[in-house]
Amino acid sequence: MLSYFAAYPTFLVFAAVVVALVLTMAFMPAFIRFLQTRHIGQQVRDDGPQTHLVKQGTPTMGGVVMLLAVVVTILLVGVPDAETYLLLGAVVLTGVLGAIDDGSKIAHERSLGLTPAMKLVGQFAIAGVFVLAAVNMLGVEPTVNIPFICTVDLGVLSIEIPTGDGSAFSIPWLYVIYCMVLLVGLCNAVNLTDGLDGLAAGTVMIVMIIMAAIAFSENLLEPAIFAAALAGCCIGFLWFNSHPADIFMGDTGSLALGMALGCLSVVTKTEFVVILIGGLFVAEAISVIIQVWYFKRTGKRIFLMAPLHHHFEKKGWSETKVVVRFWIISGMLAACGFVVWFASFMGGM
């Protein structure tokens, strides 16, 4: 629809933010009313902070509207290509997996949905297919750039399967394994971050703006529009998710947003720098890993509660203070990641 502005790519990226924002804000109120009339709400974990018990029954699965807004935005603003459809496919499928998980929680009226094994199998399958398609369809090189140090070739252990048309289907095992772990790790890290009103949406919004800037700098317009649309839907969602939240994004949104970040890192070849750009999500995930490992070994806890944001709640910080300060930290890490990437990018030119 806006393809006649193709000569103005910067406009298209900003338009994607605005369109996704407007669509999310326009359709979310009706979705909230729909959920309320059918008593579809969040199940709060019993062992969480006592202040969270009031959130029991708050409408969830707001990620459905967010993903729909992103899909419509991309169709309206951009000119979808193979990269776009591949990114959308991975993110929407992950959103569907999250929706099944959310539906299970609601149906059984408990805070746990699908088993961890079931979710991981689905996530690894989506990540694996995406990486193989990126290598064979998009020509993504099976390398990982560590800025100012080296570029690691993870294609050394590759299998080439003839396809019959003179070409071959490549399976670079080391690269596929690295990216699958990265994508699934980010997917679950964002999911773990989604524990306070506005926390996941605000931090993902910041990170997606950085990813859009990186993609745009690499002349990857459609991935830039994709990242911008994700940032826009997060901004629109924050209107309803700010404390006290009217709706939660659920696993439908958080898992999909985490997978989107990982997939964008593959397309933009930032598979290493993204660990710094999304450093807050990484810290949240590591806090859980450390807590579980240390408790199993000693029976004691390092943090008052994991993930990390709950630790600071237990220390007496208000929910709003934790969220705003985590936004600031996320912004600092994302900006540092962009600086590192940009310096490396310019140095390689």
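The preceding data block contains the structure.
Structure report, in brief. Note that residues are indexed from 1 along each chain, following the sequence as it is written. Totals for whole chains, interfaces and linings use every residue, but because this is a predicted model, local features are given only for residues with pLDDT of at least 70 and side-chain atom pairs only at 80 or more, for both listing and counting. Note that water and hydrogens are dropped before the side-chain values are worked out from all heavy atoms of the structure.

### Comments concerning the layout of surface pockets
And step 1. Lining residues are those with an atom within 4 Å of a point, where the points come from a 1 Å grid over the protein atoms alone and group into cavities, where a 1.4 Å probe fits but cannot get out, or pockets, open sets with protein on both sides within 12 Å along at least five of seven lines. Grid points are joined across faces, edges and corners, and a volume is the space filled by probe spheres set on the points. The computed volume of the second largest pocket comes to approximately 220 Å³.
And step 2. What lines the second largest pocket is Thr10, Val13, Phe14, Val17, Met208, Ile209, Ala212, Ala213, Phe216, Ala228, Ala231 and Ile235.
And step 3. Taken together, the elements giving at least two residues each to the lining of the second largest pocket come down to helix H1 (9–37), helix H6 (199–217) and helix H7 (221–241).
And step 4. Comment: elements are numbered from the N terminus, with helices defined as DSSP H or I runs of at least four residues and strands as E runs of at least two. No other element matches the 5 residues that H6 contributes to the lining of the second largest pocket.

### A closer look at the pattern of salt bridges
Opposite charge on two side chains lets them pair, provided their charged atoms get close.
And step 1. Definition used for salt bridges: Asp or Glu carboxyl oxygen within 4 Å of a side-chain nitrogen of Lys or Arg. A full pass over the atoms with the stated rule returns 2 salt bridges.
And step 2. Here Lys119 and Asp101 are joined by a salt bridge, their closest N and O atoms 3.5 Å apart. Here the residue Lys119 occupies a position in helix H4 (residues 116–137), and Asp101 occupies one in helix H3 (residues 82–108), the gap between them amounting to 18 residues.
And step 3. Accessibility here uses a 1.4 Å probe with only protein chains present; expressed as a share of the type maximum, an area under 20% marks a residue as buried, one over 50% as exposed, and anything in between as partly exposed. With relative accessibility at 0%, the residue Asp101 sits in the buried group.
And step 4. Ionic pairing is found between Glu271 and Lys269, a salt bridge with its closest N-O pair at 2.7 Å.
And step 5. Assessed through its relative accessible area of 0%, Glu271 is described here as buried.

### As for the packing of aromatic side chains
And step 1. Under the pairing criterion, centres of Phe, Tyr and Trp rings, with the six-membered ring standing for Trp, must be within 6.5 Å; the plane angle then separates stacked pairs below 30 degrees from edge-to-face pairs above 60, leaving the rest tilted. One pass over the full model with this rule turns up 8 aromatic pairs.
And step 2. Residues Trp293 and Tyr294 carry aromatic rings whose centres are separated by 6.5 Å and whose planes lie at 45° to one another, so their mutual orientation is tilted.
And step 3. An aromatic cluster of three or more residues is present, and its members are Phe338, Trp341, Phe342 and Phe345.
And step 4. In this scheme, Lys NZ or Arg CZ marks a charge over a ring once it lies within 6 Å of the ring centre and within 35 degrees of the ring normal. The ring of Trp317 has Arg325 lying over it, and the distance from NZ or CZ to the ring centre is 4.6 Å.

### Examining helix H8 (residues 250–267)
And step 1. What a helix is expected to span follows from its residue count: subtract one and scale by 1.5 Å. Look at H8: 26 Å from first C-alpha to last across 18 residues, which is about the 26 Å you get at 1.5 Å a residue.
And step 2. After H8 finishes, the residue Lys269 shows a positive phi value of roughly 60°.

### Considerations on the nonpolar core
One recurring pattern in soluble globular proteins: nonpolar side chains tend to sit buried together.
And step 1. Working definition of a nonpolar core: buried Ala, Val, Leu, Ile, Met, Phe, Trp, Tyr and Cys residues. They are joined through side-chain atoms within 4.5 Å. If you look at the biggest cluster of nonpolar residues, it comprises 87 residues, and the most contacted ones within it are Met28, Phe130, Tyr175, Leu183, Met208 and Phe226.
And step 2. Here this core takes 13 residues from H7, the largest share from any one element.
And step 3. Beyond its immediate chain neighbours, meaning those up to four positions away, Phe130 contacts Leu86, Leu87, Ala90, Leu183, Cys263, Val266 and Val267.
And step 4. By size, the runner-up hydrophobic cluster in this structure holds 9 residues, among which are Leu196, Phe303, Val322 and Phe326. Contact between two residues is taken to exist if any of their heavy atoms lie within 4.5 Å; hydrogens are not considered.

### What to know about unusual backbone geometry
And step 1. At the junction of His243 and Pro244, the peptide bond is cis and its omega measures out at -5° in the coordinates.
And step 2. Note on placement: Pro244 falls in the loop between H7 and H8.
And step 3. In this structure, the amide linkage connecting Ala306 to the following residue, Pro307, adopts the cis form with an omega of 0°.
And step 4. Assignment of secondary structure puts Pro307 in the loop between helix H10 (279–298) and helix H11 (308–314).
And step 5. Although it is not a glycine, Met61 adopts a positive phi angle of roughly 70°.
And step 6. In this structure Met61 comes out as buried when scored by relative accessible area, which is 15%.

### Some points on the packing of H1 against H7
And step 1. The contact between H1 and H7 brings their axes to 7 Å, and the two run at 35°. In this structure, H1 meets H7 at a crossing whose hand is right-handed. On the side of H1, the interface is formed by Pro9, Leu12, Val13, Ala16, Val17, Ala20, Leu21, Thr24, Met25, Met28, Pro29 and Ile32, while H7 contributes Leu221, Ala224, Ile225, Ala228, Ala229, Gly232, Cys233, Ile235, Gly236, Phe237, Trp239 and Phe240. Think of each axis as a best-fit line through the C-alpha atoms, taken over the contacting stretch in the case of a helix, with angles from 0 to 180 degrees between the N-to-C directions. Helix crossings get a hand from a simple test, with the near helix turned counterclockwise from the far one by less than a right angle marking a left-handed crossing and a clockwise turn marking a right-handed one.

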